[in-house]
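Chain residues, written in single-letter form:
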Amino acid sequence: NLLPSASLDADHLAMLNALQATGDFDHAYRAQQAIVLQEGVKLHSGYARSGDSPTLRPIAANAESVMRANLQALRGSR
């Protein structure tokens, strides 16, 4: 069963609630995206180096590359 959960975990629910409550949505969204992208880079880079599946390691490496590019673009847009 590879389907993700249909519900948010506590951290992501808190992020969503913060977006709903903020007076500066764009700033809050960019800050949250930086956090999510950094977490994604860490996750995918770790799997690309030492994941169990030889088939999925290059996919993780590609995802890491895309997330690094998105993080760099996000940092450049300030």
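Below, the structure is looked at part by part. On a predicted model such as this, the values are computed, not experimentally measured, just so you know.

For the α-helix, the turn length of 3.6 residues means that residues three or four positions removed from each other point alike. Here helix H2 (residues 25-50) is 26 residues long and its end C-alpha atoms lie 37 Å apart, about the 38 Å a rise of 1.5 Å per residue gives. Of the positions making up H2, those classed as buried are Ala-28, Gln-32, Ala-34, Leu-37, Gly-40, Val-41 and Ser-45. Of the surrounding secondary structure, the elements contacted by the buried residues of H2 are helix H1 (10-21) and helix H3 (57-76).

Quick look at the packing of aromatic side chains now. Counted by the stated rule, this structure contains one aromatic pair. Relative to Tyr-29, the ring of Phe-25 has its centre 5.8 Å away and its plane inclined at 15°; by these criteria the two rings are stacked. Here Tyr-29 and Phe-25 lie together in helix H2, a separation of four residues that amounts to about one turn. When its relative accessible area of 38% is taken as the criterion, Tyr-29 is described as partly exposed.

Our focus in this paragraph is the pattern of salt bridges. Here the structure, examined in full by the defined rule, presents one salt bridge. The residue Glu-64 makes a salt bridge to Arg-68 at a minimum N-O spacing of 2.9 Å. Residue Glu-64 and its partner Arg-68 are both found in helix H3; the two are separated by four residues, about one turn of the helix.

Reading guide: rules and limits
- Residues numbered from 1 in each chain as written.
- Predicted model: local features only at pLDDT ≥ 70, side-chain atom pairs only at ≥ 80, totals over all residues.
- Heavy atoms only, no water.
- Helix = DSSP H or I, 4+ residues; strand = E, 2+ residues; numbered from the N terminus.
- Expected span 1.5 Å × (residues − 1).
- Buried < 20%, exposed > 50% of the residue type's maximum accessible area, 1.4 Å probe, protein only.
- Contact = heavy atoms within 4.5 Å.
- Phe/Tyr/Trp six-rings, centres within 6.5 Å; stacked < 30°, edge-to-face > 60°.
- Salt bridge = Lys/Arg side-chain N within 4 Å of Asp/Glu carboxyl O.

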